[in-house]
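# Architecture and fold: a report
One-letter residues, chain by chain:
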Amino acid sequence: MSMTPGGPAERPEYLDGSGPAQPVPGDDSKKRLIALGAIVAGGAVVAGGAWAASSFFATGSQPAEALPASTVAYVSVDLDPSGGQKIEAIKTLRKFPGFTDQVDIKSDEDLRERLFEEITSSGECEGLDYDADVKPWLGSRAAMAVVDLGEDEPTPVGVVQTSDAGKAEDGLSALIDACGGGEDGGDAEASTDVGGWVVEGDWIVVAETREIAQKVVEAADGSPLAGDAAFEEWTGEAGDDGFMSMYVGKAVTKYMDDFGATGAMLGGPLFSGAADPMELSSECLAGATTTEEIDACLNEPASETSSEEVPPELQQMVDDFDGMAATVRFDDGAVEIEYATSDYQPDMTKFLASKTGAEMVAGLPEDTIAAFGFSLGEGWAQGLLDYIKSVAPDEAASVDDQIAQFESETGLAFPEDIETLLGEGVTVSVGGGIDPDAIANGGPQEVPAGITIKGDADEIQAVLDKISAAVGYEAEDYLQVTEADGHAVLALQDDYRSSLESESGLGDSAAYTDVIDGDAQTVFYLNFDADDDWLVRLAEDDPEISKNLEPLAAFGVSGWVDDDVVHGLVKITTD
């Protein structure tokens, strides 16, 4: 991953902001499988946000080695109990009083044991001893996955590392006995009330039945996910290894209809081809005379008009999806989430593939509190219009009517005036010097907020004049731009306007370079330390919240497109 250079020698430390992974839904009849999965596979993944925050991803065997190349989706976590990154993470997290009060993990603790204690604290699994029954065989890595085994639906499985295959069998049996799972356990040929498992080498594969687990083992033999070209490509695009990883393969598109309409997943109701639910039931409602009949109409299945064929353009988006991956990691003390996904909407992302917006953010005043910047390629508005019409062809006439009405009411020409108004790039920013009392007494003109547009200031002002005439001339004072080095500047506060016209330096500050990737084309930046710790000051009436906010330094989101791959980086730092 390309990282920007750091700032001064005295750099901030970093905070883990990862969230828990979502478990794969299972059969409700297998309730006790939760006890087993929670302690070994499922629990490790679900607890990733709470406990893996203190661990790090070490090199070595990974769960992907025990899964077949036909794996549709995969989430893994590493609870390695030692390492410099773990020590640094815990040291940083302990700055937060809430973490110390509620968790208080020491740097030399076995995170697996702490996890075990939390899971069994409610009284489940009475008589189970971690040192005797779990520690001798439980490894540090686990994963949950969905695998294509050639069935109509994908198969959910769990994978857990074991340090001793022989002891794992006995240990799992002890888990089942202690947690009330029955007598057969993983050795049963058929399903029991806890599911089944197979121990193969360094891995335990857990599934609904032992038969299914064995199929996964056999499918992985000779064709593991770890050696799959697509898996290696996408996990590589997501950057360096981390303590949590996620992968979704192209095969997921095979099952999209199982999870809902393809259009709804990719583009929402507007692009799904489904008719308005009220339109579908209006004829029924017209003849309804009782409450029961009305309820029946509102809940009736969608008519055939709601299952129209997917538009070719939308189907092309599905076909163009090749996969995605994400990683949560520590990097020089920073905690970040990096992701990469195939660019399945190239007709739209091409309009954002410029560094203009990010460069404009980097050129803002150094005391900037928050900023958002993006680029717009020539023809973007027409491109957006064409895209909407292509994925919803039946709505094209309606879209044209709405645009005509918009032009009539505002006096603006679409798309020409809209493209002129936003230029080649836009930043929206908030500067230092926020005074709540002044804002309350003086109004919007006291807010240090502004918009900077890369474009011709005179042409932009001409468009703003049309808007002023449409919304009322009382808005005219707020819609005046000034020219500054090829940019149009619009600001509510005069002093902040002057800062936007003349000051720069944000891009050279350590707070900015620590959270924004050097390849970024779209940027969101938030500095918690700016303006005399503005966030802490806002919460000063609640000392507990205020103290837990004090360590926060900066937050950044970077996005960029490179070689048909959409990249993203989310990063947070602390003082």
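Quick note: structure is the one above.
What comes next is a walk through the structure. (Residues numbered from 1 in each chain as written. Predicted model: local features only at pLDDT ≥ 70, side-chain atom pairs only at ≥ 80, totals over all residues. Heavy atoms only, no water.)

Check the secondary structure of the protein and you find 25 helices and 17 strands. For the protein, the proportion of its 575 residues judged to be buried stands at 46%. When contacts within the protein are restricted to residue pairs at least 6 apart in sequence, long-range pairs at least 24 apart make up 71% of them. (Helix = DSSP H or I, 4+ residues; strand = E, 2+ residues; numbered from the N terminus. Buried < 20%, exposed > 50% of the residue type's maximum accessible area, 1.4 Å probe, protein only. Contact = heavy atoms within 4.5 Å.)

Here we take up a negative patch on the surface. Where like charges cluster on the molecular surface, the negative patch consists of Asp456, Asp458, Glu459, Glu483, Asp485 and Glu501. Examined against the element boundaries, Asp458 turns out to sit in helix H21 (residues 457-471). The class for Asp458 is exposed, based on a relative accessible area of 65%. (Patch = residues over 30% accessible without salt bridge, like charges linked within 9 Å, V, L, I, M, F, W, Y side chains within 5 Å. Areas by Shrake-Rupley, 256 points an atom, 1.4 Å probe, with all protein chains shown as cover. Salt bridge = Lys/Arg side-chain N within 4 Å of Asp/Glu carboxyl O. Lys, Arg positive; Asp, Glu negative; His and termini not counted. Charge placed at Lys NZ, Arg CZ, Asp CG, Glu CD.)

Turning to the nonpolar core, a few remarks are in order. Among the nonpolar cores identified, the biggest contains 24 residues, and Leu67, Tyr74, Val157, Leu225, Phe231, Trp234 and Tyr247 are the most heavily contacted of them. Listing elements by their share of this core, those giving two or more residues are strand S3 (138-147), strand S4 (155-162), strand S6 (203-207), helix H8 (210-220) and helix H9 (229-237). Filtering out sequence-adjacent residues up to four positions away, Val157 remains in contact with Leu67, Ala143, Met144, Ala145, Val147, Val206, Ala207 and Val216. With 19 residues, the next largest nonpolar core counts Ile418, Ala457, Ala475 and Leu490 among its residues. (Core = buried A, V, L, I, M, F, W, Y, C linked by side-chain atoms within 4.5 Å.)

Take the environment of Gln345 next. Mapped onto the elements of the fold, Gln345 is located in the loop between strand S9 (334-342) and helix H15 (346-349). Along the backbone, Gln345 and Val566 are 221 residues apart, and their C-alpha atoms lie at a distance of 9.8 Å. Discounting chain neighbours no more than four positions away, the residues touching Gln345 are Met317 and Tyr387.

Now for the environment of Ala520. Relative to the elements of secondary structure, Ala520 occurs in the loop between helix H23 (510-513) and strand S15 (522-527). Of the residues examined, Ala520 reaches a relative accessible area of 3% and is grouped as buried. Each C-alpha atom of the pair Ala520 and Trp560 lies 5.2 Å from the other, and the pair is 40 residues apart in sequence. Excluding residues that lie within four positions of it along the chain, Ala520 makes contacts with Lys355, Ala358, Ser558, Gly559 and Trp560.

Glancing now at the pattern of salt bridges. Summed over all chains, the structure comprises nine salt bridges. The partner of Lys389 in a salt bridge is Asp400, and the shortest N-O contact between them spans 2.5 Å. Of this pair, Lys389 sits in helix H17 (residues 380-391) while Asp400 is found in helix H18 (residues 396-410), placing the two residues eleven residues apart along the sequence. A salt bridge links Lys466 to Asp417, with the nearest nitrogen and oxygen atoms 2.9 Å apart. Taken together, the residues span a long stretch of sequence, with Lys466 in helix H21 and Asp417 in helix H19 (residues 416-422) at a distance of 49 residues. Three or more residues joined by partner-sharing salt bridges are found here, namely Arg329, Glu336, Glu338 and Lys571.

This paragraph deals with the pairing of strand S11 (residues 425-430). As judged from the six bridges shared by strand S10 (residues 370-375) and S11, these two strands associate in the antiparallel manner. Along S11, the bridge assignment pairs Ala370 with Val430. Note that S11 and strand S12 (residues 449-454) share six bridges and pair antiparallel. Looking at S12, one finds that Gly425 is bridged to Lys454. (Pairing = 2+ DSSP bridges.)

Contact pair H17 / H18: the axes reach a minimum separation of 9 Å and the direction vectors enclose 145°. For the pair H17 and H18, the contacting residues are Leu385, Ile388 and Lys389 in the first and Ala396, Val399, Asp400 and Ile403 in the second. (Axes fitted to C-alpha atoms, helices over the stretch in contact; angles between N-to-C directions.)

This paragraph deals with unusual backbone geometry. In this model, Phe414 is joined to Pro415 through a cis peptide bond whose omega is 10°. Note on placement: Pro415 falls in the loop between H18 and H19. Even without being glycine, Asp485 reaches a positive phi, approximately 55°. If you trace the backbone, Asp485 turns up in the loop between strand S13 (482-484) and strand S14 (487-491). Non-glycine residue Asp564 carries a positive phi angle of around 65°. Within the secondary structure layout, Asp564 lies in the loop between strand S16 (552-562) and strand S17 (565-574). On the basis of relative accessible area, Asp564 is assigned to the exposed category, the value being 58%.

Here we take up the side chain of Ser76. Turning to its location among the elements, Ser76 is positioned in strand S2 (residues 71-78). Contacts of Ser76, omitting those with residues within four sequence positions, involve Pro63, Ala142, Ala143, Phe243, Met244 and Ser245.

Three- or four-residue spacings in an α-helix give side chains the same orientation, since the helix completes a turn every 3.6 residues. For helix H22 (residues 494-502), the full list of buried residues reads Tyr496, Arg497, Ser499 and Leu500. The buried side chains of H22 occupy one side of the element, clustering within an arc of 160° when seen end-on. Away from the buried face of H22 by more than 90 degrees, exposed residues Asp494, Asp495 and Ser502 are located. Considering only its buried residues, H22 is in contact with S11, S12, S13 and S14. (Arc of directions from axis to C-beta.)

Further remarks concern the packing of aromatic side chains. Summed over the entire model, instances satisfying the criterion amount to seven aromatic pairs. For the ring pair Phe524 and Phe555, a centre distance of 6.3 Å and an interplane angle of 65° mean the geometry is edge-to-face. Within this pair, whereas Phe524 is found in strand S15, its partner Phe555 is found in strand S16, the two being separated by 31 residues in sequence. Overall, Phe524 belongs to the partly exposed group, its relative accessible area being 30%. Look at Phe555 and you get partly exposed, because its relative accessible area is 22%. Joined through ring pairs, the aromatic side chains of Tyr74, Phe231 and Tyr247 make up one cluster. (Phe/Tyr/Trp six-rings, centres within 6.5 Å; stacked < 30°, edge-to-face > 60°.)

Right, let's get into the side chain of Asp343. Along the chain, the position of Asp343 falls in the loop between S9 and H15. Lacking a salt bridge, the buried Asp343 has Lys350 as its closest oppositely charged neighbour, with an N-O distance of 10 Å. Here the side chain of Asp343 touches Thr349 through a polar contact of 2.7 Å, side chain to side chain. With residues near it in sequence (within four places) discarded, Asp343 still touches Thr349, Val561, Asp564, Val565 and Val566. (Polar contact = N/O pair within 3.5 Å; in protein donor to acceptor, adjacent residues only side chain to side chain.)

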